[in-house]
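Each chain, letter by letter, is given below.
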Amino acid sequence: SSSNSKRLPLPPGPPREPILGNARHVPSSAPWKVYTEWKKIYGDIVYTRIINQHNIVINSYRVAKEVMDRAVYSGRYSPVILDKLMGVNQGFVSINYGAQWRIYRRLMNPYMHKVGVGRYLPMQGKSTCWYLQTLLDHPEEFMENFKLKTAKDITRIVYGITEEGVIAQYISDADHVAKIFLRAILPGSFLVNTIPQLRFLPGWFPGMEFKRIAADGRKIYLASLNTPVERVKSKMVRIAPSPDHTNYMTGRPYPMVIKAEGTAEASITSQLLERGEDEDAVKKMNASIYSAAVETTVASMNSFMLAMTLHPEIVKKAQAELDSIVGLSRLPNKDDQERLPYLNAVFMEVLRWMPVVPLGIPHCLLEDDEYKEYFMPQGSIIHSNTWAMSRDETYYDSPDRFWPERFLKPGEEALDPRLYVFGLGRRACIGKHLAESSLFLVFASVLATFDIAKVRDKSGREIVPKVDFDARVKPFECSIKPRSAVTASLIRDAVAADS
Ligand code: HEM
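Residues numbered from 1 in each chain as written. Predicted model: local features only at pLDDT ≥ 70, side-chain atom pairs only at ≥ 80, totals over all residues. Heavy atoms only, no water.

Colleague: In this structure, what is going on with the sheet that holds strand S3 (residues 75-76)? I would like to understand it.
Modeller: The strands making up a sheet associate through backbone hydrogen bonding, with each pair oriented either parallel or antiparallel. Ordered in space as S1-S2-S9-S6-S3, the 5 strands form an open sheet in which the pairing is mixed. Each edge of the sheet is formed by a strand with only one pairing partner; in this case those strands are strand S1 (45-50) and S3. In this structure, S1 lies alongside strand S2 (residues 53-58), joined through 6 bridges in antiparallel fashion. Counted as the bridge partner of Ile 45 is Ile 58 from S2. Sitting on the sheet, helix H1 (residues 31-42) touches S1 and S2, and the angle it makes with S1 is about 120°. Running over the sheet, helix H2 (residues 61-68) touches S1, S2, strand S6 (363-364) and strand S9 (381-384) and is turned about 120° from S2. (Pairing = 2+ DSSP bridges. Helix = DSSP H or I, 4+ residues; strand = E, 2+ residues; numbered from the N terminus. Contact = heavy atoms within 4.5 Å. Axes fitted to C-alpha atoms, helices over the stretch in contact; angles between N-to-C directions.)

Below is the structure:
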């Protein structure tokens with residue numbers, strides 16, 4: 001590029017083939033593992049080129065912390081299939097760095113900062129009790145119900161949706177969009193992302209199924225964006241703008257008020273509309289919250305259950321701590337967190353052991369840059385390899401081992417994974433405090449009331465679930481039994497008191 005006047009080299013990486021570059025070297029499944037192998041050969045920054053796309057993977061926390069905070073590293077890469085074919089590049093997660101993104105951060109921040117998320121605790125307490133009850137009645141559905149619990153919490157927070165049928169439809173639409181989205185951001189997944197001109201070929205041409213995928217995706221995306229906000233609006237009444245209803249800060253009229261009968265539960269959407277915020281911005285911002293929030297939180301819950309199934313001694317230790325601090329007469333709550341160091345260590349170890357976004361959400365380098373002795377070309381896709389960070393032996397002995405004690409060694413605590421599993425810099429996860437309280441409540445409440453163990457086969461041998469570190473835990477069996485009749489009735493009583 002013209003601005004590389006010092007003729008600096010690109011960061012090191014595997015040798016490239018003509019035209020294809022490294023297209024045949026970067027696998028489409030679990031690429032983070034290959035990049036982590038390459039760290040041994042090429043170091044903390046690895047460059048690959050896939051056809052004409054520059055990709056830079058940051059393999060260490062130290063380097064990520066240095067570069068990711070800078071504005072030029074805060075862009076988002078919009079694959080052609082999402083941007084040009086589906087129009088899905090205006091959501092919170094995928095929008096490029098700039099004015100609209102700043103509006104989203106400003107709108108969302110009060111609802112998501114450390115203190116702001118406290119308002120959801122009563123609701124989360126109830127939904128956690130609901131979840132515990134599903135463990136009593138249908139322990140084998142523990143994964144499905146993690147999903148349902150999290151989806152209910154999020155749709156309630158964002159849209160005030162409480163009706164089961166409406167939630168189910170929303171989940172199904174949002175999952176569909178998320179699947180396309182996740183596939184689209186994997187390097188090399190859709191050829192049209194590397195050769196954008198392909199989109200001008202007719203639909204009957206071989207290899208054009210991306211067109212149908214994108215067209216279906218777009219329809220469902222628009223539904224998941226519009227329908228829930230229209231529902232909120234239908235439960236609000238519009239009043240004629242009058243001087244009495246003008247926001248004294250902005251001078252703009254409040255266009256909506258919540259109906260006196262309160263048919264719209266207060267939610268992020270209802271509150272932002274009531275304040276007169278731009279409806280289009282609210283729709284696009286909110287639609288991306290569900291997909292950012294649910295899959296990630298649920299994946300961490302599933303990793304937790306797998307770790308507990310594999311480690312009965314850790315279950316025992318955490319239960320002993322809970323029993324002595326919380327006692328057996330009530331369920332744990334968020335206020336207990338600071339007095340539960342062992343459980344906190346379990347929580348951090350879950351985040352580290354199985355980072356659920358192992359290559360981060362890709363950033364896009366907005367201008368040519370230099371880092372150390374390297375040239376970083378504009379338009380590069382930048383991945384924070386959180387998987388590599390979680391396996392860094394300078395911070396973690398035996399990194400594949402699930403071992404909460406690593407966070408409890410006085411004076412030499414391991415690096416806190418919350419510093420990187422939620423991303424780094426300006427685009428870091430806005431929902432991390434909400435994620436933390438959801439996860440903590442679930443981990444504490446499940447351990448306080450249930451024993452988790454391996455199941456046995458017909459001949460009485462324990463079945464040990466396999467761990468393949470594939471970012472998502474595959475369905476596995478475990479035994480989930482109430483610790484005692486007392487803990488079971490604690491759950492039933494709490495649920496009864498809520499309804
Ligand atoms: C265990 C749970 C979660 C994990 C591990 C996680 C992880 C991440 C990661 C790695 C990113 C990308 C950061 C970057 O680009 O550098 C991200 C972004 C984001 N997350 Fe989360 N997340 C979680 C839960 C949530 C929740 C509960 C919400 C919403 C309430 C949420 C909302 C978002 C949003 C809106 C972004 C985009 C921010 C931006 O681009 O400016 N996440 N998250």
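Colleague: Is there a simple way to explain the site of the ligand in this structure?
Modeller: In the vicinity of the ligand lie 27 residues, with Arg 76, Trp 101, Arg 105, His 363 and Cys 429 positioned nearest. Separating an oxygen atom of the ligand from a side-chain N or O atom of Trp 101 is a distance of 2.7 Å. For the shell around the ligand, the elements supplying multiple residues, two or more each, are helix H4 (99-112), helix H11 (279-310) and helix H15 (432-449). In terms of residues, the shell around the ligand owes the most to one element, H11, which gives 6 residues. Split by residue class, the shell around the ligand holds 18 nonpolar, 6 polar and 3 charged. (Near = heavy atom within 4 Å. Polar contact = N/O pair within 3.5 Å; in protein donor to acceptor, adjacent residues only side chain to side chain. Nonpolar A, V, L, I, M, F, W, Y, C, P; charged D, E, K, R; others polar.)

Colleague: Where do I start with the nonpolar core in this structure?
Modeller: Looking at soluble globular proteins, one finds that nonpolar side chains tend to be buried together. Core analysis: the biggest nonpolar cluster contains 148 residues, and Phe 142 and Met 308 have the highest contact counts within it. The dominant element in this core, judged by the number of residues it contributes, is H11, at 16 residues. Not counting the four nearest positions on each side in its chain, Met 308 is found in contact with Ile 314, Val 315, Val 346, Phe 402, Leu 447 and Ile 452. (Core = buried A, V, L, I, M, F, W, Y, C linked by side-chain atoms within 4.5 Å. Buried < 20%, exposed > 50% of the residue type's maximum accessible area, 1.4 Å probe, protein only.)

Colleague: Looking at this model, I keep getting lost on the coordination of the iron atom of the ligand. Mind explaining?
Modeller: Angles at a metal have ideal values that depend on geometry: 109.5 degrees with four tetrahedral donors, 90 or 180 degrees with six octahedral donors. Here the protein supplies the iron atom of the ligand with just one donor, Cys 429 (SG), and that contact is 2.3 Å long. Take Cys 429: it is sitting in the loop between helix H14 (386-390) and H15. (Donors = N, O, S within 2.8 Å, 3.2 Å for Na, K, Ca; no water.)

Colleague: Got a minute to help me understand empty space enclosed by the protein in this structure?
Modeller: Remark: the empty space left among the atoms is shown by a probe the size of a water molecule rolled over them. Summed over all chains, the structure comprises 4 cavities of 30 Å³ or more. Approximately 70 Å³ is the volume attributed to the second largest cavity. Taken together, Leu 322, Asp 323, Val 326, Gly 327, Leu 328, Arg 330, Leu 331, Ala 448, Thr 449, Arg 483, Thr 487 and Leu 490 make up the full set of residues lining the second largest cavity. For the lining of the second largest cavity, the secondary-structure elements that each account for two or more residues are helix H12 (312-325), H15 and helix H16 (485-498). By residue class, the composition of the lining of the second largest cavity is 6 nonpolar, 3 polar and 3 charged. (1 Å grid on protein atoms, 1.4 Å probe; cavity = no way out; pocket = protein on both sides within 12 Å on 5 of 7 lines; lining within 4 Å. Points joined across faces, edges and corners; volume = space filled by probe spheres on them.)

Colleague: Explain the packing of aromatic side chains to me, please; I cannot follow it from the model alone.
Modeller: Two numbers describe a pair of aromatic rings. These are the distance of the centres and the angle of the planes. Summed over the entire model, instances satisfying the criterion amount to 15 aromatic pairs. Measuring from ring centre to ring centre gives 5.6 Å for Phe 92 and Tyr 104, while their planes differ by 45°; the resulting arrangement is tilted. Here Phe 92, found in the loop between helix H3 (80-86) and H4, pairs with Tyr 104, found in helix H4; they are 12 residues apart in sequence, far enough to count as distant. Taking the centre distance of 6.2 Å and the plane angle of 55° together, the rings of Phe 347 and Phe 443 count as tilted. Of the two residues, Phe 347 sits in helix H13 (residues 341-353) while Phe 443 sits in helix H15, which places them 96 residues apart along the sequence. Like Phe 443, Phe 347 is buried. Here a set of aromatic residues connected by ring pairs shows up, and it is made of Tyr 131, Phe 142, Phe 146 and Phe 476. Stacked on the ring of Tyr 396, the Lys or Arg Arg 352 has its end atom at 5.0 Å from the ring centre. Cation over ring: Arg 391 sits above Phe 469, and NZ or CZ is 4.8 Å from the ring centre. (Phe/Tyr/Trp six-rings, centres within 6.5 Å; stacked < 30°, edge-to-face > 60°. Lys NZ or Arg CZ within 6 Å of the ring centre and 35° of its normal.)

Colleague: Is there a simple way to explain the pairing of S1 in this structure?
Modeller: Remember that side chains alternate between the two faces of the sheet whenever the strand is regular. Most of S1 is tucked away, with 5 of its 6 residues classed as buried. With antiparallel pairing between neighbouring strands as the criterion, S1 and S2 make up a hairpin whose turn holds 2 residues, including Ile 51 at a positive phi of roughly 55°.

Colleague: What am I meant to see in the layout of surface pockets here?
Modeller: Within this model, the second largest pocket holds a volume of roughly 560 Å³. In this structure, the second largest pocket is lined by 26 residues; those nearest its centre are Met 123, Lys 126, Ser 127, Asp 153 and Arg 156. Going through the elements one at a time, helix H5 (121-137), helix H6 (142-159), helix H7 (164-184), helix H10 (268-274) and H16 are the ones with two or more residues in the lining of the second largest pocket. No other element matches H5, which puts 6 residues into the lining of the second largest pocket. Of the residues assigned to the lining of the second largest pocket, the class counts are 12 nonpolar, 5 polar and 9 charged.

Colleague: Sorry if this is basic, but what is going on with the pattern of salt bridges here?
Modeller: Any two side chains of opposite charge can pair, so long as their charged atoms come close to each other. All told, the structure shown has 36 salt bridges when counted by the stated rule. One salt bridge in this structure joins Glu 66 and Lys 372, with 3.8 Å as the shortest N-O distance. Taken together, the positions of Glu 66 in helix H2 and Lys 372 in the loop between strand S7 (369-371) and strand S8 (374-376) put the pair 306 residues apart, joining distant regions of the chain. In this structure, Lys 474 and Asp 468 form a salt bridge, with 2.6 Å as the shortest nitrogen-oxygen distance. Relative accessible area serves as the criterion here: at 46%, Lys 474 is assigned to the partly exposed category. Accessibility expressed as a relative area gives 26% for Asp 468, which makes it partly exposed. Here the residues in one salt-bridge network are Glu 230, Lys 233, Glu 279 and Lys 283, joined through shared partners. (Salt bridge = Lys/Arg side-chain N within 4 Å of Asp/Glu carboxyl O.)

Honestly, it's all geometry; don't read function into it.
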